[in-house]
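Remarks on the overall topology
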Amino acid sequence: MNTAATGFEGVDITGYYLKGYPAVPDDEYLFKVKRMAFDLGIEISGTGVRNDFTIADKNKRTQEVELVKKWIDVAAKLDAPVIRIFAGNQKNEGISRETVTNWMLEDIRSCVEYGKEHGVVIGLQNHNDFIQTADQLNSIIGSIHSEWLGIILDTGSYRIHDPYEEIKKSIKHTVNWQIKEKIFINGKEVDTDLEKLMTIIKNSDYNGYLPLETLGDGDPKVKVETLFSKLKSAMK
């Protein structure tokens, strides 16, 4: 209700904040959430899971794939157009990056095919984990090359190079966002230049949702309202 009152047009129903996660809620609960959003005039812009495709144990990775597929089913029931997934954060000492990437490509392809069958786009988020740069992210997207796979562009998780340049490089594959109030410049956390960000977005072909995410101390409702107001001003 606060989402609607603030002025948002959509909401990300993140899977791992729903009761019982990672277990899938029953249909009665899901449809209650869907109906509530409808009554408030709010579209469901997406959902997301916590997965890890960098785990060395293939059987465990298979379980991670199945987790994503179960939540693709949830996304379809909610009419969420995209589901957010991660690469993973295992260190895997002694195993080459190429090897881990090949694991990941196989797992993501499986999820993408399942998503295609259910009308749900898979969005791979840069999360300052195995994926840290736009080139790394673009390489994975390009290797699979499917209209049912894209990027969830996390503005706060490009921390190696100039984040605005990284955003420019990856925006062409972007299907949804995590716009944060802070960004990292030369290793230092600073306020996001929302006008600069909006200029990049306006100069691209992106026309979808612009989800916001706030982190850190403070009342999240107040922080979201503040960030929403600042972004609306930057959009003018």
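On a predicted model such as this, the values are computed, not experimentally measured, just so you know.

Looking now at the overall build of the chain. When you go through the chain residue by residue, the secondary structure sums to eight helices and nine strands. For the chain, whose C-alpha radius of gyration is 18 Å, the value lies close to the compact-globule estimate of 18 Å for 236 residues. Here the chain holds 236 residues, and 47% of them are scored as buried. Expressed as a percentage of contacts within the chain between residues at least 6 apart in sequence, the contacts between residues at least 24 apart total 75%.

Here we take up the pairing of strand S8 (residues 188-191). In terms of strand pairing, strand S7 (residues 182-185) meets S8 through four bridges, oriented antiparallel. Residue pairing in the sheet places lysine 182 in a bridge with aspartate 191 of S8. Between the antiparallel neighbours S7 and S8 lie two residues, among them asparagine 186 with a positive phi of about 50°.

Of all the residues in helix H5 (residues 134-144), the buried ones are Ala134, Leu137, Asn138, Ile140, Ile141 and Ile144. All buried residues of H5 fall inside an arc of 160° around its axis, so they share one side. At the exit of H5 stands histidine 145, carrying a positive phi of roughly 50°.

Another aspect to go through is unusual backbone geometry. Following tyrosine 21, the chain continues to proline 22 via a peptide bond in cis, the omega torsion being 10°. Locating proline 22 in the fold gives a position in the loop between strand S1 (10-12) and helix H2 (27-39). If you check the backbone angles, asparagine 128 has positive phi at about 55° while not being a glycine. Relative to the elements of secondary structure, asparagine 128 occurs in the loop between strand S4 (121-125) and H5.

This part takes up the nonpolar core. Ile108, Leu124 and Trp177 are the most contacted members of the largest nonpolar core, which has 59 residues in total. Considering every element that reaches this core, the biggest residue donor is helix H3 (residues 58-78), with eight residues. Once residues lying within four places of it in the same chain are set aside, the contact partners of tryptophan 177 are Ile152, Leu153, Thr155, Ile167, Ile171, Leu197, Ile201, Tyr206, Tyr209, Leu210 and Pro211.

The rules behind these values
Residue numbers restart at each chain and count upward from 1, following the sequence in its written direction. Totals for whole chains, interfaces and linings use every residue, but because this is a predicted model, local features are given only for residues with pLDDT of at least 70 and side-chain atom pairs only at 80 or more, for both listing and counting. As a convention, hydrogens and water are excluded, and side-chain values are obtained from all of the structure's heavy atoms. Helix and strand definitions here come from DSSP, where helices need a minimum of 4 consecutive H or I residues and strands a minimum of 2 consecutive E residues; each element is numbered from the N-terminal end. The size measure is the radius of gyration over C-alpha atoms, and the globule rule it meets is 2.2 Å times the number of residues to the 0.38 power. Partly exposed residues are those whose accessible area sits between 20% and 50% of the maximum for their type, while under 20% is buried and over 50% is exposed, using a 1.4 Å probe and protein chains only. Throughout, a residue-residue contact means that at least one pair of heavy atoms, one from each residue, lies within 4.5 Å. Two strands are counted as paired when DSSP detects at least two bridges linking them. The arc in question is the one spanned by the directions pointing from the helix axis to the C-beta atoms. Note on terminology: a nonpolar core comprises buried Ala, Val, Leu, Ile, Met, Phe, Trp, Tyr and Cys residues joined through side-chain atoms within 4.5 Å.

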